[in-house]
Amino acid sequence: MDSILELQRVTAGYKSIKGFKSLIKRVEIVLRDISFTVEKGERVAIIGESGSGKTTILRVILGLLKPISGKVLIYGKDLYSLPSDQKLQILRRIGYVPQDPYRSLNPVLKIKYIVGEPLEAVGVEWRHIEERASEVLKIVGLPQSIINDTAEELSGGMRQRVLIARAIIAEPEILVLDEPTSALDVSIQAQIINLLNSIYNTFKVTMITVTHDLGVAQYLADRLIILKSGKIVEEGSVDEVLRNPKSEYTKSLITSYLQITGINSLNNIKIRG
Amino acid sequence: MVLAVRAGGISIGYIDEEEEYIVWAVRGVDLAIEEGDAFCLVGESGSGKTTFASAIAGILPPHAVTRGKLYIFDRLAIDESTWNFNGLRGRVVSYIPQNPGTSLSPFLTVEDHFYYVLRDTLRYDREKSRKAAMEALLKVGLDRGVLEDYPHELSGGMQQRVLIAIALASNAKIIVADEPTSAIDANLRASVLQLLGRLNREYRVTLLLVTHDLASTSIVCNRLAVMLAGKIVETGRTISVLRNPQHPYTKMLLDCVPLLGVKKPLKPLPGEPIQVVEDKAICPFRERCPRAIDKCVEEPPLKPVGDEENHYVKCWRLTGVESG
């Protein structure tokens, strides 16, 4: 099998300081014994509520948080035991779209600098960067005219497109998305979902999405990993999990999902008047 | 029949920083919300739904300009450019903000939050406010133990419940909830919405829910209005609008909501929401509408739909022009 990413019994957490007098350092464990594999070209979604450790998983994958125990294998190499230059080599093959488009863009930088940053970091010449930046802006459906604007002038949906453009400019093989639509309107959400899927189809990337929204996951993934309090409670294909959920937690996620009840089952809902 | 909110041709705009022009967020809206209704304003960012809701809650910013009239329980709150929310704001109308995490002070306990609100609105003392707080917390399904907690000790869903309880304790007749579920997890949304629906049914509180999500509407509200570029383009009973949407915008809005377990392609709305500077009388959806006709440069009237009671739509296509 062609596994591109593998987490082997990863336990991770954050240091915290409890008590002012003693200053005892403690480690708050967030992820407990997490193992999963992502194949090349797969679309995987990690689902969980706030505090379940979804973002922590991404931090571990992105090389930002060293796990307490366990291994993170990317292209078969143990990320955290590599020397830092080789680690960077591997991390450059990952594109990352952060969570909040309103807080993830530098408000004073022009869009071309924001989008070109990943190339600038690897020492590409500026004239090539500018060319490439306008190419990716076209791919994500933004007008060329914004290239000299700052992010302040853009709407939420446009900001999210800028973040996606920045993530794909260096032609990554893995695309990691942290809640790509949770800050957006439903109508813009649909635009972004379709854009991400067309990027997936054109560039044949491996896509890992973190979300708390099953509806979004259904469109952005083929396989779901359901996380609860730092543990994987269920894993399987989208159809399998939605049709036939095994764990109680998944069942409750599905039943509490907000549907438009007007279409099939509005009769079940009491309406006065 | 008592009308909780009556808006007559109300327009609300914001003066641009250089005071060169006014951006009109709400443009000539006529709306009546009956007492005891659970009414929903649906629309995308920039459609003016939050502006309209904050006008009802009496919390318009000072650089807002208004035209038209707004009555709250037959009291004139906005009369052209004069506002009079004294005795209404916080007492008759209460407001639940969007983001519970940033709306509660990190240095005050839940009990203090209740006290400062109830002291100012109802002149309650400590003891009375504590009693009212405990009653309200019970109604929203929280333990009285949270009174001593600080906001950071509560989860997002609990914080939102605290805010709802504060709105309840002030004995408000109208609760305005601005996107109450957009900042909390998907699995908690249903329970917060169901709570709002229950309060509306059991305590006869008039509810005005502001959201961009038609799914939330269908759970709580019995009536809805779809807003677009500051105008209401379709309004009616939730059941009839969702089963039988007439305006192309409403139809497209329904198409972009994911349905769990149903593989249908998502059809996003084309284009970005527009900002209206000039108050031209055109159909606001014209440029993004796949079915636009020549007539659409004029503003369509709000016409009733078929035999459905109270179902109105603002579209030339449905007023017989199509055939001609």
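Figured I'd write up the structure that's included with this text.

Rules used in this analysis
- Residues numbered from 1 in each chain as written.
- Chains lettered and ligands numbered in written order.
- Predicted model: local features only at pLDDT ≥ 70, side-chain atom pairs only at ≥ 80, totals over all residues.
- Heavy atoms only, no water.
- Helix = DSSP H or I, 4+ residues; strand = E, 2+ residues; numbered from the N terminus.
- Rg over C-alpha atoms; globule rule 2.2 N^0.38 Å.
- Buried < 20%, exposed > 50% of the residue type's maximum accessible area, 1.4 Å probe, protein only.
- Contact = heavy atoms within 4.5 Å.
- Core = buried A, V, L, I, M, F, W, Y, C linked by side-chain atoms within 4.5 Å.
- Buried area = accessible area lost by both parts, 1.4 Å probe.
- Salt bridge = Lys/Arg side-chain N within 4 Å of Asp/Glu carboxyl O.
- Polar contact = N/O pair within 3.5 Å; in protein donor to acceptor, adjacent residues only side chain to side chain.
- Nonpolar A, V, L, I, M, F, W, Y, C, P; charged D, E, K, R; others polar.
- Pairing = 2+ DSSP bridges.
- Right-handed = clockwise from strand over helix to strand, strands pointing away.
- Axes fitted to C-alpha atoms, helices over the stretch in contact; angles between N-to-C directions.
- Phe/Tyr/Trp six-rings, centres within 6.5 Å; stacked < 30°, edge-to-face > 60°.
- Lys NZ or Arg CZ within 6 Å of the ring centre and 35° of its normal.

1. Re the overall build of chain A
Point 1. Scanning chain A for helices and strands turns up nine helices and 10 strands.
Point 2. By the compact-globule yardstick of 19 Å for 273 residues, chain A fits well, its C-alpha radius of gyration being 20 Å.
Point 3. Seen through its C-alpha atoms, chain A measures out along the principal axes to roughly 60 × 55 × 50 Å.
Point 4. Counting across all 273 residues of chain A, residues that qualify as buried make up 53%.
Point 5. For chain A, the proportion of contacts with a sequence separation of at least 24, taken over those separated by at least 6, is 66%.

2. Focus on the nonpolar core
Point 1. Of all hydrophobic cores here, the largest spans 61 residues; its most connected members are B:Ile96, B:Phe114, B:Ile164, B:Tyr249 and B:Phe285.
Point 2. The element best represented in this core is helix 5 (residues 156-169) of chain B, accounting for eight residues.
Point 3. Non-local contacts of B:Tyr249, meaning those with residues more than four positions away in its chain, are made with B:Gly43, B:Glu44, B:Val226, B:Met227, B:Leu228, B:Val233, B:Leu269 and B:Phe285.
Point 4. The next biggest cluster of nonpolar side chains, apart from the first, holds 44 residues, and it includes A:Leu137, A:Leu177, A:Leu195 and A:Leu220.

3. Let's talk about the interface of chain A and chain B
By a widely used convention, the size of an interface equals the accessible area lost when the partners come together.
Point 1. Of the residues lining the interface, 38 residues belong to chain A; the matching set on chain B comes to 46 residues.
Point 2. When chain A packs against chain B, close to 3,800 Å² is buried across both sides, 57% of that on carbon and sulfur atoms.
Point 3. Applying the counting rule to chain A against chain B returns zero salt bridges.
Point 4. The tally of links from chain A across to chain B stands at two residue pairs in polar contact (both at pLDDT 80 or more).
Point 5. Among the elements of the structure, helix 6 (186-203), helix 7 (214-220) and helix 9 (248-255) of chain A are those that each provide at least two residues to the side of chain A that touches chain B.
Point 6. If you tally residues by element for the side of chain A that touches chain B, the top one is helix 6 of chain A, at eight residues.
Point 7. Taken together, the residues of the side of chain A that touches chain B break down into 18 nonpolar, 16 polar and four charged.

4. Quick look at the environment of B:Gly13
Residue and element names in this part refer to chain B.
Point 1. Structurally, the position occupied by Gly 13 is in strand 1 (residues 3-15).
Point 2. Look at Gly 13 and you get buried, because its relative accessible area is 0%.
Point 3. Spatially, the C-alpha atoms of Gly 13 and Gly 48 are 9.4 Å apart, while their sequence positions differ by 35 residues.
Point 4. Filtering out sequence-adjacent residues up to four positions away, Gly 13 remains in contact with Ile 22, Val 23, Trp 24, Ala 25, His 63, Ala 64 and Val 65.

5. What to know about the pairing of strand 7 (residues 174-178) of chain A
Residue and element names in this part refer to chain A.
Point 1. Within strand 7, five of the five residues are buried, which leaves it mostly tucked inside the rest of the structure.
Point 2. Here strand 7 shows a buried face lined by Ile 174, Val 176 and Asp 178 and a second buried face lined by Leu 175 and Leu 177.
Point 3. Here five bridges tie strand 7 to strand 8 (residues 206-211), and the two strands are oriented parallel to one another. By the bridge assignment, Val 176 is partnered in strand 8 with Ile 208.
Point 4. Crossover connection from strand 7 via helix 6 to parallel strand 8: handedness right-handed.

6. Here we look at the sheet that holds strand 9 (residues 223-228) of chain A
All names here are of chain A.
Point 1. Read across the sheet, six strands follow the order 6-7-8-3-9-10 without closing on themselves; strand pairing throughout is mixed. The outermost strands of the open sheet, each flanked by one partner alone, are strand 6 (94-97) and strand 10 (231-237). Here the average twist between neighbouring strands, direction ignored, is 15°.
Point 2. The sheet strands contacting helix 6 are strand 3 (43-47), strand 7 and strand 8, and the helix crosses strand 8 at an angle near 155°.
Point 3. Set on the sheet, helix 9 makes contact with strand 3, strand 9 and strand 10; between it and strand 9 the angle comes to about 105°.

7. Concerning the sheet that holds strand 4 (residues 64-72) of chain B
All names here are of chain B.
Point 1. One open sheet holds the five strands; their spatial order is 2-1-4-5-6, and the pairing between them is antiparallel. Looking at strand neighbours, the two that pair on one side only are strand 2 (22-34) and strand 6 (82-83), the edges of this open sheet.
Point 2. Pairing of strand 1 with strand 2 involves nine bridges; the strand directions are antiparallel. Paired with Tyr 14 across the bridge in strand 2 is Val 23.
Point 3. Its contacts with the sheet put helix 1 (residues 49-57) on strand 1, strand 2, strand 4 and strand 5 (75-79), and the angle it makes with strand 1 is roughly 120°.

8. Some thoughts on the pattern of salt bridges
Residues and elements named next belong to chain A.
Point 1. On inspection of all chains with the given rule, the structure shows 25 salt bridges over all chains.
Point 2. Of the charged contacts in the structure, one is a salt bridge between Asp 33 and Arg 9, with a shortest N-O distance of 2.9 Å. In this pair, Asp 33 sits in strand 2 (residues 24-39) while Arg 9 sits in strand 1 (residues 3-18), placing the two residues 24 residues apart along the sequence.
Point 3. Note on Asp 33: relative accessible area 39%, which makes it partly exposed.
Point 4. Residue class for Arg 9 comes out exposed when judged on its relative accessible area of 55%.
Point 5. Each member of the salt-bridge network shares a partner with another, and the members are Glu 42, Arg 223 and Glu 235.

9. Notes on the packing of aromatic side chains
Point 1. Tallied over the full model, the rule gives three aromatic pairs over all chains.
Point 2. Between A:Tyr113 and A:Trp126, the ring centres sit 5.1 Å apart and the planes meet at 20°, which makes this aromatic pair stacked. Taken as a pair, A:Tyr113 in helix 3 (residues 111-121) and A:Trp126 in helix 4 (residues 126-139) lie far apart in primary sequence, 13 residues in all.
Point 3. Residue classification places A:Trp126 among the partly exposed residues on the basis of a relative accessible area of 29%.
Point 4. On the numbers, 5.4 Å between centres and 50° between planes, the contact of B:Tyr115 with B:Tyr116 is tilted.
Point 5. Look at B:Tyr115 and you get buried, because its relative accessible area is 14%.
Point 6. Taking the relative accessible area as the measure of exposure, B:Tyr116 reaches 32% and is therefore partly exposed.
Point 7. Here B:Arg6 stacks its cationic end above the ring of B:Tyr71, 4.3 Å away from the centre of that ring.
Point 8. For the cation-ring pair, B:Lys139 lies above B:Tyr203, with the distance from its terminal atom to the ring centre recorded as 4.5 Å.

10. Overview of unusual backbone geometry
All names here are of chain B.
Point 1. The phi dihedral of Asp 74 falls on the positive side, at around 65°, and the residue is not glycine.
Point 2. Note on placement: Asp 74 falls in the loop between strand 4 and strand 5.
Point 3. Of note, Arg 204 is a non-glycine position whose phi angle comes to about 55°, a positive value.
Point 4. Looking at the secondary structure, you find Arg 204 in the loop between helix 6 (186-203) and strand 9 (206-211).
Point 5. Residue class for Arg 204 comes out partly exposed when judged on its relative accessible area of 49%.

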